[in-house]
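Secondary and tertiary structure notes
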Amino acid sequence: MSHSPWQYMGSIVIYICKPEDFPFPPASETPPGFVGDLSSHLLLVYTGTTRLARNLLQDVVRNWHSRDRRVIKNMQDLVDNAHAAEEAFTRGDMAAIGTSLTKYQRQKLVMAPGSMPKIVSLFIDKISQYIYGCCFAGAGGGGFLVGILKEPSGKKRVKELINSSAELNYFAVYDAAVDLLGIQYSAS
């Protein structure tokens, strides 16, 4: 399967759900116990915020075709960051995985400037003491945030922060875990 740099970094999040489809190390290539540790350090937050991705694809394609140097460099940086994330998974390095997620979020904002709602940026600032890093799934800056907690107890702190802030009343923390099998279905 061929992957663009954009898809590579998206694979970091999707890897957690279905690793056999992506070029990241399977559980057998991570340190013993890492999959369970990763599950306990996952943070999944629904922000309830509409992402600001209007004309996103058009702008990205226009910038790519104009050979905008910043976009071209960012595309290579996406590939480099994907490889760094792969190495972090192989080493079982939670902090490095979090760093790659945050870097990926910044790289997405190079591709789509202005797509991060202010409330989401403020939320990330508020939870930064509890996470190694985070990124939003998909384009734009709303929907689900995936993070790597410094300590599993950080999830409780994030919930408390959400519950104590009226401006975050539509945010919600969900349980998340590594799924090595992917979606299972049967036809009857």
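Everything that follows concerns the structure shown earlier in this document.
Now for a description of the structure that goes with this document.

What counts and what doesn't
- Residues numbered from 1 in each chain as written.
- Predicted model: local features only at pLDDT ≥ 70, side-chain atom pairs only at ≥ 80, totals over all residues.
- Heavy atoms only, no water.
- Patch = residues over 30% accessible without salt bridge, like charges linked within 9 Å, V, L, I, M, F, W, Y side chains within 5 Å.
- Areas by Shrake-Rupley, 256 points an atom, 1.4 Å probe, with all protein chains shown as cover.
- Salt bridge = Lys/Arg side-chain N within 4 Å of Asp/Glu carboxyl O.
- Helix = DSSP H or I, 4+ residues; strand = E, 2+ residues; numbered from the N terminus.
- Buried < 20%, exposed > 50% of the residue type's maximum accessible area, 1.4 Å probe, protein only.
- Expected span 1.5 Å × (residues − 1).
- Polar contact = N/O pair within 3.5 Å; in protein donor to acceptor, adjacent residues only side chain to side chain.
- Core = buried A, V, L, I, M, F, W, Y, C linked by side-chain atoms within 4.5 Å.
- Contact = heavy atoms within 4.5 Å.
- Pairing = 2+ DSSP bridges.
- Phe/Tyr/Trp six-rings, centres within 6.5 Å; stacked < 30°, edge-to-face > 60°.
- Axes fitted to C-alpha atoms, helices over the stretch in contact; angles between N-to-C directions.
- Parallel < 35°, antiparallel > 145°, perpendicular 65-115°, else oblique.
- Left-handed = near helix turned anticlockwise from the far one by under 90°.

Considerations on a nonpolar patch on the surface
A cluster of nonpolar side chains, contributed by Tyr 46, Phe 144 and Tyr 174, occupies part of the molecular surface with about 270 Å² of accessible area. Structurally, the position occupied by Tyr 46 is in strand S1 (residues 42-46). Take Tyr 46: its relative accessible area is 32%, and that puts it in the partly exposed class.

Notes on helix H4 (residues 69-91)
Its 23 residues give H4 an end-to-end C-alpha distance of 33 Å, which sits within 8% of 33 Å, the value for a rise of 1.5 Å per residue. Buried within H4 are the following residues: Val 71, Asn 74, Met 75, Leu 78, Val 79, Asn 81, Ala 82, Ala 85, Ala 88 and Phe 89. At the N-terminal boundary of H4, the capping side chain belongs to Asp 68, with an oxygen 2.8 Å from the backbone nitrogen of Arg 70. Gly 92 lies just past H4 and shows a positive phi near 75 degrees.

Brief notes about the nonpolar core
Formed by 20 residues in total, the largest nonpolar core has its most connected members in Phe 34, Leu 38, Ile 97 and Ile 148. Those elements giving two or more residues to this core turn out to be helix H2 (34-41), helix H3 (56-65), H4 and helix H5 (94-111). Residues within four places of Ile 97 in sequence aside, it is in contact with Phe 34, Ala 88, Phe 89 and Ile 148.

Digging into the pairing of S1
Most of S1 is tucked away, with four of its five residues classed as buried. Bridge count for S1 against strand S3 (residues 144-149) is five bridges, and the pairing is antiparallel. In the strand pairing of S3, Leu 43 is matched with Gly 147. As judged from the three bridges shared by S1 and strand S4 (residues 172-174), these two strands associate in the antiparallel manner. Residue pairing across strands places Val 45 opposite Val 173, the latter belonging to S4.

A closer look at the packing of aromatic side chains
Under the defined criterion, the tally for this structure stands at five aromatic pairs. In this structure an aromatic cluster arises from ring pairing among Tyr 46, Phe 144 and Tyr 174.

Quick word on the pattern of salt bridges
For the structure shown, the criterion picks out four salt bridges. A salt bridge links Asp 77 to Lys 73, with the shortest nitrogen-to-oxygen separation between them at 2.9 Å. With Asp 77 and Lys 73 both in helix H4 and four residues apart, this pair spans about one turn of that helix. Under the relative-accessibility criterion, Asp 77 is labelled partly exposed at 21%.

Comments concerning the packing of H4 against H5
Between H4 and H5, whose axes approach to 9 Å, the crossing angle comes to 165 degrees. Between H4 and H5, the interaxial angle falls into the category roughly antiparallel. When the axes of H4 and H5 are compared, the crossing they make is left-handed. For the pair H4 and H5, the contacting residues are Arg 70, Val 71, Asn 74, Met 75, Asp 77, Leu 78, Asn 81, Ala 84, Ala 85, Ala 88, Phe 89 and Arg 91 in the first and Ala 96, Ile 97, Ser 100, Lys 103, Tyr 104, Gln 107, Val 110 and Met 111 in the second.

Read these as layout, nothing more, since geometry by itself doesn't imply function.
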